[in-house]
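# Report on the structure
Residues per chain are reported as follows:
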Amino acid sequence: MEAARLLAAASRAAERFNEWMMGDLEMEVLSVRDGEVKLLIRQGCACSLDFSLKEEVESAFRDEGLEVEAIVEGWDVEESGYRVTVRVKG
């Protein structure tokens, strides 16, 4: 998939994710390169996560027609958010 189309789909997926999370979490697209999307997901509240971040990210991209695998790399202390890599399958 070409980078411009992937960036547009990733941006729409981020908007959808942010609507679902209603401010508790906020997804930001950091980069798109070679079929991978780098994300930062900031936590806007002190609430515990009672769902799978991986599954929610994948679901947002699936709603944009993309089959992906999300890899939650962990918490980035400097950015105060979760680093996530999304790889487009196929």
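Parameters at a glance
- For every chain, the first residue of its written sequence is number 1, and the numbers climb from 1 along that sequence.
- Selection of residues for local features in this predicted model requires a pLDDT of at least 70, selection of side-chain atom pairs for listing and counting requires 80 or more, and totals for whole chains, interfaces and linings are taken over all residues.
- Side-chain measures here rest on the full set of heavy atoms in the structure, leaving out hydrogens and waters.
- A pair of aromatic rings is counted whenever rings of Phe, Tyr or Trp (Trp by its six-membered ring) have centres within 6.5 Å, and the orientation is called stacked for planes under 30 degrees apart, edge-to-face for over 60 and tilted otherwise.
- Should DSSP find at least two bridges between two strands, the strands are regarded as paired.
- Strands are runs of DSSP state E lasting at least two residues, helices are runs of H or I lasting at least four, and both sets are numbered from the N terminus onward.
- Each axis is a line fitted through C-alpha atoms, taken for helices only over the stretch in contact, and angles between the N-to-C directions span 0 to 180 degrees.
- Definition of nonpolar core: a set of buried residues of the types Ala, Val, Leu, Ile, Met, Phe, Trp, Tyr and Cys, connected through side-chain atoms within 4.5 Å.
- Think of it in three bands: with a 1.4 Å probe and only protein chains considered, a residue is buried below 20% of the maximum accessible area for its type, exposed above 50%, and partly exposed in between.
- Whether two residues are in contact is decided by their heavy atoms, any of which lying within 4.5 Å being enough.
- Take the number of residues in a helix, subtract one, and multiply by 1.5 Å to get its expected span.
- To obtain the arc, one takes the directions from the helix axis to the C-beta atoms.
- Each polar contact in these results corresponds to two N or O atoms within 3.5 Å; when the atoms are within protein, one needs to be able to donate a hydrogen and the other to accept it, and residues that are neighboring in sequence are counted only if both atoms are side-chain atoms.

### Looking at the packing of aromatic side chains
A complete count under the given rule lists 1 aromatic pair for this structure. Their ring planes at 80° and their centres at 4.9 Å tell us that Trp75 and Tyr82 sit as a pair that is edge-to-face.

### Topic: the sheet that holds strand β4 (residues 81-88)
Sheet strands associate in pairs through backbone hydrogen bonding, adopting either a parallel or an antiparallel arrangement. Spatially, β1-β2-β4-β3 is the arrangement adopted by the 4 strands of the open sheet, whose pairing is antiparallel. One side of each edge strand has no neighbouring strand; the edge strands of this open sheet are β1 (25-33) and β3 (68-76). Strand-to-strand twist in this sheet, taken as the mean axis angle between neighbours without regard to direction, amounts to 20°. Note: β1 against strand β2 (residues 36-43), 8 bridges, orientation antiparallel. Residue pairing across strands places Val32 opposite Val37, the latter belonging to β2.

### Regarding the nonpolar core
The biggest cluster of nonpolar side chains holds 22 residues, and the ones touching the most others in it are Phe17, Ile41, Val57, Phe61 and Val86. Of all the elements in the fold, those that place two or more residues in this core are α1 (3-21), β1, β2, α2 (53-62), β3 and β4. It is α1 that contributes the most residues to this core, 7 residues altogether. Those residues in contact with Val57, other than ones at most four positions away along the chain, are Phe17, Met27, Leu39, Ile41, Ala70, Val84 and Val86.

### What to know about α1
Look at α1: 26 Å from first C-alpha to last across 19 residues, which is about the 27 Å you get at 1.5 Å a residue. Turning to α1, its buried residues number three or more, namely Leu6, Ala9, Ala10, Ala13, Ala14, Phe17 and Met21. Down the axis of α1, the buried set is contained in an arc of 145°. They therefore lie on one face. Residues Ala4, Arg5, Glu15 and Glu19 are exposed on α1 and point more than 90 degrees away from its buried face. The inward-facing, buried residues of α1 contact β1, β2, α2 and β4. Backbone geometry just after α1 places Met22 at a positive phi near 45°.

### What about the side chain of Glu58?
Within the fold, Glu58 resides in helix α2. Engagement of the side chain of Glu58 in a polar contact is seen with the side chain of Lys54, the distance being 2.6 Å. Here Glu58 is in contact with Val68, Glu69 and Ala70, once residues within four sequence places are set aside.

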